[in-house]
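If you want the building blocks of each chain, they are given just below.
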Amino acid sequence: EREWEREREREREREKREELIQVDQELHFTEALIHEREQGIKDIERSVHDVNEIFRDLAVLISDQGNALDDIESGIVNTQQQSETAASELKKAAANQKRARRTMFCLVTVLLLVGILVVLIITKAI
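Residues numbered from 1 in each chain as written. Predicted model: local features only at pLDDT ≥ 70, side-chain atom pairs only at ≥ 80, totals over all residues. Heavy atoms only, no water.

Explanation requested: the overall build of the protein chain in the structure shown.
On a plain count of helices and strands, the protein chain comes out with one helix and zero strands. Computed over the C-alpha atoms, the radius of gyration of the protein chain is 53 Å, more than 25% above the 14 Å expected from 2.2 N^0.38 for a compact globule of 126 residues. Over its C-alpha atoms, taken along the principal directions, the protein chain stretches across nearly 180 × 15 × 10 Å. For the protein chain, buried positions account for 0% of its 126 residues. If you sum the accessible surface of the protein chain, you get close to 12,000 Å²; carbon and sulfur atoms cover 61% of it. (Helix = DSSP H or I, 4+ residues; strand = E, 2+ residues; numbered from the N terminus. Rg over C-alpha atoms; globule rule 2.2 N^0.38 Å. Buried < 20%, exposed > 50% of the residue type's maximum accessible area, 1.4 Å probe, protein only. Areas by Shrake-Rupley, 256 points an atom, 1.4 Å probe, with all protein chains shown as cover.)

Right under this line is the structure:
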């Protein structure tokens, strides 16, 4: 009977060792799983950081493009104003040129009439 108890005791100790080995293996597996998940979380954190940097860079690009668009808009407005001013100046120049032609025509006509009168006076005086 003692032999049988010793055998049972050895069996229990063997089962406990096997349980401890199994628990130890499960612990190692769990630790490996935790380590893997930590790595995954760190990878996600790096990815989020990278995405954050991309959005910051994108915000800078959008701001720069907004400034460029503002400059273009300002240039367009200035060009429109200058075009309107130039059109007005061209109208004034055309009107002045027309007046100058009329004045020149009148002056030439008057000089021609004066010349004809002078010639008539001189021919009658002779």
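Is there a simple way to think about a nonpolar patch on the surface in this case?
A contiguous nonpolar patch, built from Leu112, Leu113, Ile116, Leu117, Leu120 and Ile121 and spanning about 600 Å² of accessible area, is present on the exposed surface. Structurally, the position occupied by Leu117 is in helix 1 (residues 2–125). (Patch = residues over 30% accessible without salt bridge, like charges linked within 9 Å, V, L, I, M, F, W, Y side chains within 5 Å. Salt bridge = Lys/Arg side-chain N within 4 Å of Asp/Glu carboxyl O.)

Any chance you could explain the pattern of salt bridges here in plain terms?
A side chain with one charge may pair with a side chain of the opposite charge, provided their charged atoms come close. Considering all chains together, one arrives at six salt bridges under this definition. In this structure, Arg14 engages Glu11 in a salt bridge whose closest nitrogen and oxygen atoms are separated by 2.2 Å. Placement of both Arg14 and Glu11 in helix 1 is noted, with a separation of three residues, approximately one turn of the helix. The class of Arg14 is partly exposed, set by a relative accessible area of 36%. The partner of Glu89 in a salt bridge is Lys92, with the nearest N and O atoms 3.9 Å apart. Taken together, the residues Glu89 and Lys92, both in helix 1 and three residues apart, mark about one turn of the helix. Judged by relative accessible area, Lys92 falls into the partly exposed class, the value being 46%. Through salt bridges that share partners, Glu11, Arg14 and Glu18 make up one connected network.

Mind showing me how you'd approach the environment of Thr123 here?
Along the chain, the position of Thr123 falls in helix 1. Spatially, the C-alpha atom of Thr123 lies 173 Å from that of Trp4, the residues being 119 residues apart in sequence. Of note is the side chain of Thr123, whose polar atom sits 3.0 Å from the backbone oxygen of Leu120. (Polar contact = N/O pair within 3.5 Å; in protein donor to acceptor, adjacent residues only side chain to side chain.)

Would you take a moment to explain the environment of Ile76 for this structure?
For Ile76, the location among the structural elements is in helix 1. Linking Ile76 and Lys124, residues 48 residues apart in sequence, is a C-alpha distance of 71 Å.

It is not clear to me how a positive patch on the surface should be interpreted in this structure. Could you clarify?
Taken together, the side chains of Lys98, Arg99, Arg101 and Arg102 present a region of like positive charge at the surface. With respect to the helices and strands, Lys98 occurs in helix 1. (Lys, Arg positive; Asp, Glu negative; His and termini not counted. Charge placed at Lys NZ, Arg CZ, Asp CG, Glu CD.)

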